[in-house]
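Single-letter residue listing:
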Amino acid sequence: MNIYVIMKRTFDTEEKIQIENGEIVDDGAEYIINPYDEYAVEEAIQLRDEHGGEVTVVTVGDEEAEKELRTALAMGADKAVLIEDEDVEEGDQYSTQTILGAYFEDKEVDIILGGNVAVDGGSGQVGPRLAEQLGISHVTSVVKLEIQDGKATVEKDVEGDMEVIEVDLPVLITAQQGLNEPRYPSLPGIMKAKKKPLETLDLDDLDLDEEDAEGKTKTVERYLPPAKEAGKILDGELDDQVNELVSLLKTEAKVI
Amino acid sequence: MSKKVLVIGEVRDGDFRNVSFEATAAAREVAADGEVVGVLLGENVSSLANELIYYGADRVLTVESDKLANYTPEGYAQAIQEVVDQEDPDGIILGHTAIGRDVAPKLAARFKSGLVSDAVSLEVAGDEVIFTRPIYSGKAFEKIVVQDGLTFATIRPNNIAALEKDESRSGEVASVQVDITDLKTVIKEVVKNTTSGVDLSEASVIVAGGRGLKDADNFKLLDELAEVLGGAVGASRGACDAEYCDYALQIGQTGKVVTPDLYIAVGISGAIQHVAGMSNSKVIVAINKDPEAEIFQIADYGIVGDLFDVVPKLTEEFKKVLV
Ligand SMILES: Cc1cc2nc3c(=O)[nH]c(=O)nc-3n(C[C@H](O)[C@H](O)[C@H](O)COP(=O)(O)OP(=O)(O)OC[C@H]3O[C@@H](n4cnc5c(N)ncnc54)[C@H](O)[C@@H]3O)c2cc1C
């Protein structure tokens, strides 16, 4: 099977966010594979081990993203592709879709896996957008995946309910938490990853102009929510605290 | 400039989801003195159409088909595409729900347009619509505009106020015929969640439990409290990992991001990943036996104590004042 994973490098979820001049400050920030994409990488490796074939991980980003691609290779992916998008100003999800779409145009694909959402931008658009551009089906928010006879049977989390869906390959699947337990790269895995192929492409290689991938939306401002101040810790006898809390919620906060 | 804006209503178990009315209010704002056209997809949904008009739509189009009884990306995309071809709107607004999240990007790719996902507010400045949306799961926010083309957005439930229901409003309800073909995804089975009916993303009260609950059975305490408050039960990842509850309940950076009026955190330490998902709640109450717990840093009200003592008392007290 030709298995592809689209993945993104994101801030570590431990990071606090700082903004200077309208931009997110990234000096010294720790980066990780977007946690949802990690489920996608793990699932891809398991699919390959079961059905044979090859796992290629693809990211759109800057050269720093090589580190996260190497992590995916160390987990067990076979090949990696880094598509540099530095030339694209004001990129958005449309840009990423266009770039990935151009990359996948001439690829034979059985399945593309990605994360349900990235923990930075949080739009969850790129997966379904890419599937549409490639003319293949998609299922988002998947917590179980099985492939047999050219068909995928998936369980999709729908706001707590579960749908069992059958869909023909090729298909694009986005991973929800619960799909699997991503492995840690082993030491031999890390050693091997260094020698695995990592291809770097730019827009030219994909016959794209900067304008083709220009975003359709534009961020005009970024800001932090007002810092939440620590509130009131109640004291006294527990019964009194409970009484006070209920009355505060009713009269002061007016939420009940 | 007056615009024509489509709003895609969402019906669940025979009723509109509240977010549909919120989306209608958003569409009203984007349309200015233009037209808001409600769109309803499904089987036997036209009887509900007037409801959308009461909440601000000028007229409603219904697309009815047995193939739209359950959501599928292809089915919905075909139906919406047909309506868009007929109406040529300037904007489309949906709820940022399981359906909105799934179909909107597919359509945006088809229309080669931008899409603003998960907007929590919007303002109209001249010709431009400026949307605000959370990034880094609510650790920060961005304001974003659509540069050209369709003003296409999904809005987060529970953030944009619906308009007052006005039953004196009336408008045309028309049906659009769409021949839904070639559905590639087939829904074999739908397994309904067995816990309370209130959806986490739309709940105005959430009672969330953490590892402090110690056991799946103890989540009953939270069910009882949530029931009295008409709220939903959520959880930390700690609780989900420990198998006290389903991952569907997880709140945080890798779970649901919620903004209820009242969030009661029970036996949750307040890790940054959890806080990202709930810190924008209007009022936060923390119950934790550790006075140093991080959660107290962001709580409006805190009780330091053993949850097994506090929660039952709290449930009793709410019962007294709420009935
Ligand atoms: C990539 C990544 C993503 C993550 N995403 C999320 C996410 O989306 N959501 C999330 O929640 N976490 C997430 N986490 C995990 C997060 O870091 C914490 O581990 C988790 O939130 C802790 O859950 P908890 O507060 O229930 O447990 P703990 O941290 O163990 O806290 C339990 C609390 O209960 C209190 N307690 C114990 N007994 C009692 C009692 N009898 N009465 C009162 N209080 C009591 C304790 O004092 C303690 O404060 C993520 C972690 C990573 C690495």
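This is a predicted model, so every value here is computed, not measured.

K.L.:
Explain the overall build of chain B to me, please; I cannot follow it from the model alone.
P.N.:
Across its full length, chain B carries nine helices and 18 strands. Taken over C-alpha atoms, the radius of gyration comes to 21 Å for chain B, in line with the 20 Å a tight globule of 323 residues would show. For the C-alpha atoms alone, the extent of chain B along its principal axes is close to 60 × 45 × 40 Å. Per-residue burial over chain B gives 60% buried out of 323 residues. Nonlocal contacts in chain B, meaning residues at least 24 apart in sequence, comprise 64% of its contacts between residues at least 6 apart. Carbon and sulfur atoms make up 43% of the accessible area of chain B, which amounts to about 12,300 Å² in all. Across chain B, 30 positive and 51 negative side-chain charges occur, with their mean positions spaced 4 Å apart.

K.L.:
What am I meant to see in the sheet that holds strand E1 (residues 2-7) of chain A here?
P.N.:
What links the strands of a sheet is backbone hydrogen bonding, and the strands pair in either a parallel or an antiparallel sense. What the 10 strands build is an open sheet, ordered E13(A)-E7(A)-E6(A)-E1(A)-E8(A)-E12(A)-E9(A)-E10(A)-E11(A)-E13(B); its pairing is mixed. If you trace the sheet from one side to the other, it starts and ends with strand E13 (198-201) of chain A together with strand E13 (185-191) of chain B, each paired once. For this sheet the average axis-to-axis angle between neighbouring strands, irrespective of direction, equals 30°. Sheet topology note: the E1(A)/strand E8 (residues 111-115) of chain A ladder contains three bridges and is parallel. Paired with A:Tyr4 across the bridge in E8(A) is A:Ile112.

K.L.:
What is the right way to read the domain arrangement of chain B from this model?
P.N.:
Where interface size is quoted, it is often the accessible area lost as the parts come together. Residues and elements named next belong to chain B. Domain assignment breaks chain B into domain 1 (4-175) and domain 2 (200-322). With 13 residues of domain 1 at the interface, the matching set in domain 2 holds 12 residues. Interface area for domain 1 against domain 2, summed over the two sides, is near 1,000 Å², with a carbon-plus-sulfur share of 37%. At the junction of domain 1 and domain 2, the tally comes to one salt bridge. In this structure, Arg 17 and Glu 202 form a salt bridge, with 2.8 Å as the shortest nitrogen-oxygen distance. Across the contact surface, domain 1 and domain 2 share seven residue pairs in polar contact (both at pLDDT 80 or more). Looking at the side of domain 1 that touches domain 2 residue by residue, the classes come out as four nonpolar, five polar and four charged.

K.L.:
Just checking my understanding: could you explain the nonpolar core for this structure?
P.N.:
Side chains of nonpolar character tend, in soluble globular proteins, to be buried together. One finds A:Val5, A:Val57, A:Ile111, A:Leu113, A:Leu145 and A:Ile173 to be the most contacted residues of the largest nonpolar core, which totals 41 residues. Examining the composition of this core, we find that seven residues originate from one element, helix H1 (residues 35-51) of chain A, more than from any other. Setting aside residues no more than four positions away along its own chain, A:Ile111 makes contact with A:Met1, A:Asn2, A:Ile3, A:Tyr4, A:Leu47, A:Leu145, A:Ile147, A:Val171 and A:Ile173. Ranked by size, the runner-up nonpolar core spans 36 residues in total, among them A:Val242, B:Cys240, B:Ile287 and B:Leu307.

K.L.:
Is there a simple way to explain the pattern of salt bridges in this structure?
P.N.:
Opposite charge on two side chains allows them to pair when their charged atoms are near. The tally for this structure, following the rule as stated, stands at 41 salt bridges over all chains. Across the salt bridge formed by A:Glu146 and A:Lys144, the nearest N and O atoms sit 3.7 Å from each other. Look at A:Lys144 and you get partly exposed, because its relative accessible area is 39%. We note a salt bridge from B:Asp261 to B:Lys282, for which the minimum N-O separation is 2.7 Å.

K.L.:
What's the story with empty space enclosed by the protein in this structure? I'm lost.
P.N.:
Here the idea is plain: a probe the size of a water molecule rolls over the atoms and shows the empty space left. Tallied over the full model, the rule gives two cavities of 30 Å³ or more. Of the pockets and cavities examined, the largest cavity occupies roughly 70 Å³. In this structure, the largest cavity is lined by A:His138, A:Val139, A:Lys156, A:Glu163, A:Ile165, B:Tyr71, B:Thr72, B:Pro73, B:Asp102, B:Thr185 and B:Ile187. Breaking the lining of the largest cavity down by element, the ones donating at least two residues are strand E9 (137-148) and strand E11 (161-168) of chain A together with E13 of chain B. Of the residues in the lining of the largest cavity, the class split is five nonpolar, three polar and three charged. Of the volumes computed, that of the second largest cavity is approximately 60 Å³. Looking at the second largest cavity, the residues that line it are B:Ile8, B:Gly9, B:Glu10, B:Tyr76, B:Leu94, B:Gly95, B:Thr97, B:Ile99 and B:Gly100. Taken together, the elements giving at least two residues each to the lining of the second largest cavity come down to strand E6 (91-95) and helix H4 (98-110) of chain B. For the lining of the second largest cavity, the class distribution of residues is four nonpolar, four polar and one charged.

What counts and what doesn't
- Residues numbered from 1 in each chain as written.
- Chains lettered and ligands numbered in written order.
- Predicted model: local features only at pLDDT ≥ 70, side-chain atom pairs only at ≥ 80, totals over all residues.
- Heavy atoms only, no water.
- Helix = DSSP H or I, 4+ residues; strand = E, 2+ residues; numbered from the N terminus.
- Rg over C-alpha atoms; globule rule 2.2 N^0.38 Å.
- Buried < 20%, exposed > 50% of the residue type's maximum accessible area, 1.4 Å probe, protein only.
- Contact = heavy atoms within 4.5 Å.
- Areas by Shrake-Rupley, 256 points an atom, 1.4 Å probe, with all protein chains shown as cover.
- Lys, Arg positive; Asp, Glu negative; His and termini not counted.
- Charge placed at Lys NZ, Arg CZ, Asp CG, Glu CD.
- Pairing = 2+ DSSP bridges.
- Axes fitted to C-alpha atoms, helices over the stretch in contact; angles between N-to-C directions.
- Domains from an automatic or database assignment.
- Buried area = accessible area lost by both parts, 1.4 Å probe.
- Salt bridge = Lys/Arg side-chain N within 4 Å of Asp/Glu carboxyl O.
- Polar contact = N/O pair within 3.5 Å; in protein donor to acceptor, adjacent residues only side chain to side chain.
- Nonpolar A, V, L, I, M, F, W, Y, C, P; charged D, E, K, R; others polar.
- Core = buried A, V, L, I, M, F, W, Y, C linked by side-chain atoms within 4.5 Å.
- 1 Å grid on protein atoms, 1.4 Å probe; cavity = no way out; pocket = protein on both sides within 12 Å on 5 of 7 lines; lining within 4 Å.
- Points joined across faces, edges and corners; volume = space filled by probe spheres on them.

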